[in-house]
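# Structural description and commentary
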Amino acid sequence: MKTVSANQHLNVHACSLNEYDRQKITISGAIYRIRKLGGGLFFIVIRDGESLIQCKLESNESIISIEEYSEGDYVSITGICQKENRAPHGAEIKVQSIEILSKSTEEMPFSINQKLFEVGLDSNLNFRPISLRHPKQRAIFAIQSAISMLFRQGLSLIDFTEIHTPKLVFAGAEGGANVFKVKYFERELFLAQSPQFYKQMMVGVFGKVMEVGPVFRAEPHETSRHLNEYTSMDLEVGPIKSFEDIMEIETYLLRYIFEELPKFCSAELKLLEVSMPQINNIPIIKMSEALEIISKNRKIKDRSDLDPQGEQIICQYIFKETGSEFVFVTHYPTIKRPVYAMEDPENNEVTLSFDLLFRGLEITTGGQRIHDYKMQVEKMKRLGYNPDDFVSYLQIHKYGMPPHGGFGLGLERLTMQLLNLSSIKEACLFPRTINRITP
Ligand code: 4AD
Ligand code: MG
């Protein structure tokens, strides 16, 4: 029987190069740059899935003719690995042979081998498979990958169970008009706006659950903070004593993510010059206090929500007062929160809910949910919903649920704020907006 071992052909990746000093190895990747040094000496820099690899070709000594190769060609290079402090990863390869695995047929639409990535957002997105190859673009998603992995890991450590819930659903959970309809054979379904109902159902099973998955919002406008499909990092947990338990879990989790992140992507964090936030205790203010603070700066038209400028004012104020780049704003008005939101027993005009703002932008909404059957049915009727349409969801209330709550954290929003990107589209591999559905 044939077996495949990872090192069978010593096909080495960039980051482990320095373990192979004076050995014959094979690497493969795309030609990133060919540099002529004079005296028949060339550097062929290869970009593999991890990083860059410097290969040295002395054409006088070799039968390889450099003219055959161009930027973008995907090649396999065999040669002797040798220490070289000036090369990436402290080693380079003295080339003995090159095999072209795939020849690039067109010139690149823009250069991806310059230090800076100076391509406009439209070209960046139109040529996404190419632009993402630039080390700085790639770094955004290496960091994003580590964030979502650490979200799951941080919650696994405190006994959360990962779940996978349907994205074709019978009802939009978050209310509002921004729900996509889907023809489903002879019926109509919706694309999930969030895993809300299902994660609540699963609290009745596991107690602590989490999900990282796509959600859909039919936002009929282009903004720098909205996508029509994004990745939501959700958790839901019960029993809880109060909605403040949820904020505590989020504080723990963000601290965990930011402490661990450099262990997984320090090179990328350095490349993008990321300033890591310090998280101690995150300040908490009520919505009513937030509105007071904003009203000192400007007139408030709508007292039921914070607009983008209001979020910025609050973050600047909190940073000045406490040094924190995060702030929880609590007790959002009942009229602005979905049907499942628990109202404050002391004042039913506000909910036991919160938003987390980071560097001037909402990244999370969370709160306590209604667990009582009568209360939930009453609220549905009050808001104009027909409880008969929610029979399967209402099973949890009917058959006993612990007091519970949770939150949804937008992966692209968190990435965008951490990396100081000017549009959320830069934090999404293949963004979907009202005007963009390709690639
Ligand atoms: O504030 P949202 O709509 O809340 C919910 O989905 C609730 N089910 C959460 C909960 O568990 N109570 O969305 C949560 C987060 C927002 O704070 C934001 O980070 C992100 O999802 N988000 C978007 N990101 C990109 N594009 C959009 N159109 C987004 N809408 C929300
Ligand atoms: Mg929200």
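Because the structure is a prediction, the values reported are computed rather than measured.

### Topic: the UniProt feature "domain: Aminoacyl-transfer RNA synthetases class-II family profile" (unreviewed entry) in the protein chain
The UniProt record marks residues 141-431 with the feature "domain: Aminoacyl-transfer RNA synthetases class-II family profile" (unreviewed entry), using the residue numbering of this structure. In residues 141-431, helix accounts for 37% and strand for 23%; the two terminal C-alpha atoms are 13 Å from one another.

### Quick notes on the packing of aromatic side chains
Taken as a whole and assessed by the stated rule, the structure comprises twelve aromatic pairs. Both rings, one in Phe 197 and one in Phe 390, keep their centres 6.0 Å apart while their planes meet at 85°; by these two values the pair is edge-to-face. Of this pair, Phe 197 sits in helix H4 (residues 196-206) while Phe 390 sits in the loop between helix H8 (373-382) and helix H9 (391-398), and the two are 193 residues apart along the sequence. With a relative accessible area of 3%, Phe 197 lands in the buried category. Positioned over the ring face of Tyr 332 is Arg 337, at 4.1 Å from the centre of the ring.

### A word on the site of ligand 1
Inspection of the region around ligand 1 gives 23 residues, with Glu 174, Lys 199, Arg 217, Glu 362 and Ile 363 positioned closest. Taking Glu 362, its side chain carries an N or O atom lying 2.5 Å from an oxygen atom of ligand 1. Ile 363 is positioned such that a nitrogen or oxygen atom in its backbone is 2.7 Å from an oxygen atom of ligand 1. A total of 620 Å² of accessible area belongs to ligand 1 in isolation, and the protein chains cover 94% of it. Here the element with the most residues in the shell around ligand 1 is strand E17 (residues 361-368); it accounts for five residues. Taken together, the residues that form the shell around ligand 1 break down as six nonpolar, eight polar and nine charged.

### Looking at the sheet that holds strand E12 (residues 284-286)
Read from one edge to the other, the open sheet built from eight strands follows the order E6-E10-E11-E18-E17-E16-E13-E12, with strand pairing classed as mixed. Because the sheet does not close on itself, it has two edges, and the strands there are strand E6 (161-162) and E12. Bridging between E6 and strand E10 (residues 208-216) involves two bridges; their strand directions are parallel. Along E10, the bridge assignment pairs Thr 161 with Val 209. Most of the contacts of helix H3 (residues 135-156) go to E10, to which it runs at about 155°, and overall it touches E6, E10, strand E11 (229-237) and strand E18 (405-410). Sheet contacts for helix H10 (residues 411-418): E11, strand E16 (353-358), E17 and E18; angle to E17, the most-contacted strand, approximately 140°.

### As for the sheet that holds strand E5 (residues 91-102)
In space, the five strands of this closed barrel follow the order E1-E2-E3-E5-E4, with mixed pairing throughout. Strand after strand, the sheet turns through a mean of 55° between neighbouring axes, direction not considered. As paired strands, strand E1 (residues 24-38) and strand E2 (residues 41-47) are joined by seven bridges and run antiparallel to one another. Residue pairing in the sheet places Ile 34 in a bridge with Ile 44 of E2.

### With respect to the packing of H8 against H9
A pair of packed helices is captured by two measures, namely the crossing angle of their axes and the spacing between those axes. Taken N-terminus to C-terminus, the directions of H8 and H9 make an angle of 145°; their axes are 8 Å apart at the nearest point. Residues Tyr 373, Gln 376, Val 377 and Met 380 of H8 pack against Tyr 393, Leu 394, His 397 and Lys 398 of H9. In terms of residue class, the contact of H8 with H9 is made up of five nonpolar, two polar and one charged.

### Overview of the pattern of salt bridges
For the structure shown, the criterion picks out 22 salt bridges. A salt bridge links Lys 379 to Glu 343; the nearest nitrogen and oxygen atoms lie 3.0 Å apart. Here Lys 379, found in helix H8, pairs with Glu 343, found in strand E14 (residues 343-344); they are 36 residues apart in sequence, far enough to count as distant. Accessibility expressed as a relative area gives 1% for Lys 379, which makes it buried.

Cut-off values and rules
Residues numbered from 1 in each chain as written. Chains lettered and ligands numbered in written order. Predicted model: local features only at pLDDT ≥ 70, side-chain atom pairs only at ≥ 80, totals over all residues. Heavy atoms only, no water. UniProt positions renumbered as here; feature names shortened; annotations may be inferred. Helix = DSSP H or I, 4+ residues; strand = E, 2+ residues; numbered from the N terminus. Phe/Tyr/Trp six-rings, centres within 6.5 Å; stacked < 30°, edge-to-face > 60°. Buried < 20%, exposed > 50% of the residue type's maximum accessible area, 1.4 Å probe, protein only. Lys NZ or Arg CZ within 6 Å of the ring centre and 35° of its normal. Near = heavy atom within 4 Å. Polar contact = N/O pair within 3.5 Å; in protein donor to acceptor, adjacent residues only side chain to side chain. Areas by Shrake-Rupley, 256 points an atom, 1.4 Å probe, with all protein chains shown as cover. Nonpolar A, V, L, I, M, F, W, Y, C, P; charged D, E, K, R; others polar. Pairing = 2+ DSSP bridges. Contact = heavy atoms within 4.5 Å. Axes fitted to C-alpha atoms, helices over the stretch in contact; angles between N-to-C directions. Salt bridge = Lys/Arg side-chain N within 4 Å of Asp/Glu carboxyl O.

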